[in-house]
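# Structural description and commentary
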Amino acid sequence: MSAQKYQRIYDYIHEYQNLIYNFYSKDAVAFLTTYYHVSTQETVWEDENIFGGSYDRVGEYSGVKWNKILLLPVYYIEEINTAFDGQDIGYIKENDTTLVIPSTYGFTPLPNDKVKMEQEFLRPTNDVYPIFNVGGIEKSVNADRLFWKIKVHVEQSVTLSQLDQQVLETYTFFEYDKKIHSLNDAEFLTRLLAKNEDLRTITTTLYDKRSGYYFC
């Protein structure tokens, strides 16, 4: 009796999980952003009523501290909705949209995080893209691995220079392992990958296919 290879009918569950949680978070169309994540450990939170005014989010009197993440890919940015709001200072154009961040990045988005949709150093002379504020966060699924669907709206009066004054640490997204690392660790990993590529090129030229040996 011949043995026939087959897959169980419920193997499609594993294929679906691999598609959603692995493929999409690595190979879907990504938009590079600069992400300002609230540091919950170092931020000074307001725990009393202040009669002199509201709690400042930015500026020298603000207790909010940020962790800055460079080159962070986000996915599935929806169409930007535009609305005009008439206030005492005049008409204000309000833009809001949503974006998706995989949980595989290793951090949880928080309300009042800031998202810069375009890298400043890519457009040093024509950086006209706004800064978005995180207003709402939804879980896509209630499981170990999930997606964060984030609703953001345009900040009206916050600049990058103000945010950078409150940055504690700067990190970067490393494309090779799809994780967030410090700048020093990312630089070390980049040099390591470059050395491995050089070694691969060298060993390829030294290998003899006929004998199966490496000749130096």
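Here, every reference points to the structure presented above.
Figured I'd write up the structure that's included with this text. Since the structure is predicted, the reported quantities are computational estimates derived from the model, not experimental observations. (Residues numbered from 1 in each chain as written. Predicted model: local features only at pLDDT ≥ 70, side-chain atom pairs only at ≥ 80, totals over all residues. Heavy atoms only, no water.)

A few words on the overall build of the protein chain. Within the protein chain, the secondary structure is distributed over 3 helices and 9 strands. Starting at the N terminus, the α and β elements of the protein chain follow one another as α-β-β-β-β-β-β-β-α-β-β-α. Expressed as a percentage of its 216 residues, the buried residues of the protein chain come to 30%. Entry remark: accessible area of the protein chain is about 15400 Å², with carbon and sulfur atoms responsible for 52%. (Helix = DSSP H or I, 4+ residues; strand = E, 2+ residues; numbered from the N terminus. Buried < 20%, exposed > 50% of the residue type's maximum accessible area, 1.4 Å probe, protein only. Areas by Shrake-Rupley, 256 points an atom, 1.4 Å probe, with all protein chains shown as cover.)

Tracing the chain through its elements places E155 in the loop between β7 (147-154) and α2 (160-164). Take E155: its relative accessible area is 11%, and that puts it in the buried class. Residue contacts for E155: discarding those within four places in its chain leaves R57, K114, I131, F132 and N133. (Contact = heavy atoms within 4.5 Å.)

Close approach of charged atoms lets side chains of opposite charge pair. One pass over the full model with this rule turns up 4 salt bridges. Measuring nitrogen to oxygen at the nearest pair gives 2.4 Å for the salt bridge that ties K114 to E155. Placement of the pair is K114 in strand β5 (residues 114-116) and E155 in the loop between β7 and α2, with a sequence separation of 41 residues. A residue is classified by how much of its surface remains accessible, and K114, at 0% relative accessible area, is buried. Between R191 and E187 there is a salt bridge, and its shortest N-O distance comes to 3.3 Å. Of this pair, R191 and E187 both sit in helix α3 (residues 183-206), 4 residues apart, roughly one helical turn. (Salt bridge = Lys/Arg side-chain N within 4 Å of Asp/Glu carboxyl O.)

By the bridge criterion, 5 bridges tie strand β2 (residues 66-75) to strand β8 (residues 167-174) in an arrangement that is parallel. Looking at the pairing, W66 lines up with V167 of β8. Judged from the 4 bridges that link them, β8 and strand β9 (residues 179-182) form a sheet pairing that is antiparallel. In the sheet register, F174 faces β9, and the bridge partner there is K179. (Pairing = 2+ DSSP bridges.)

Bringing the nonpolar core into the picture now. In terms of nonpolar packing, the biggest core is built from 21 residues, with Y35, L72, L99, I101, Y105, F107 and I150 touching the most fellow members. If you list the elements that add at least two residues to this core, you get β2, β4 (90-102), β6 (131-139) and β7. In terms of residue count, β7 provides more of this core than any other element does, 5 residues in total. With residues near it in sequence (within four places) discarded, F107 still touches Y35, H37, I69, L72, I101, W148 and I180. Residues Y36, V58, I131 and V158 belong to the second largest nonpolar core, which totals 9 residues. (Core = buried A, V, L, I, M, F, W, Y, C linked by side-chain atoms within 4.5 Å.)

Moving on, we get to the environment of M117. Residue position: M117 is located in the loop between β5 and β6. The sequence separation of M117 and L72 amounts to 45 residues, and the corresponding C-alpha distance is 9.7 Å. Dropping the residues within four chain positions of it, M117 is found in contact with L32, T33, I77, L99, P130 and F132.

On to unusual backbone geometry. Phi is positive for L71, which is not a glycine, with a value near 55 degrees. Structurally, the position occupied by L71 is in strand β2. A positive phi angle is found at K178, which is not glycine, with a value near 60 degrees. Inspection of the secondary structure puts K178 in the loop between β8 and β9. Classification of K178 as buried rests on a relative accessible area of 15%.

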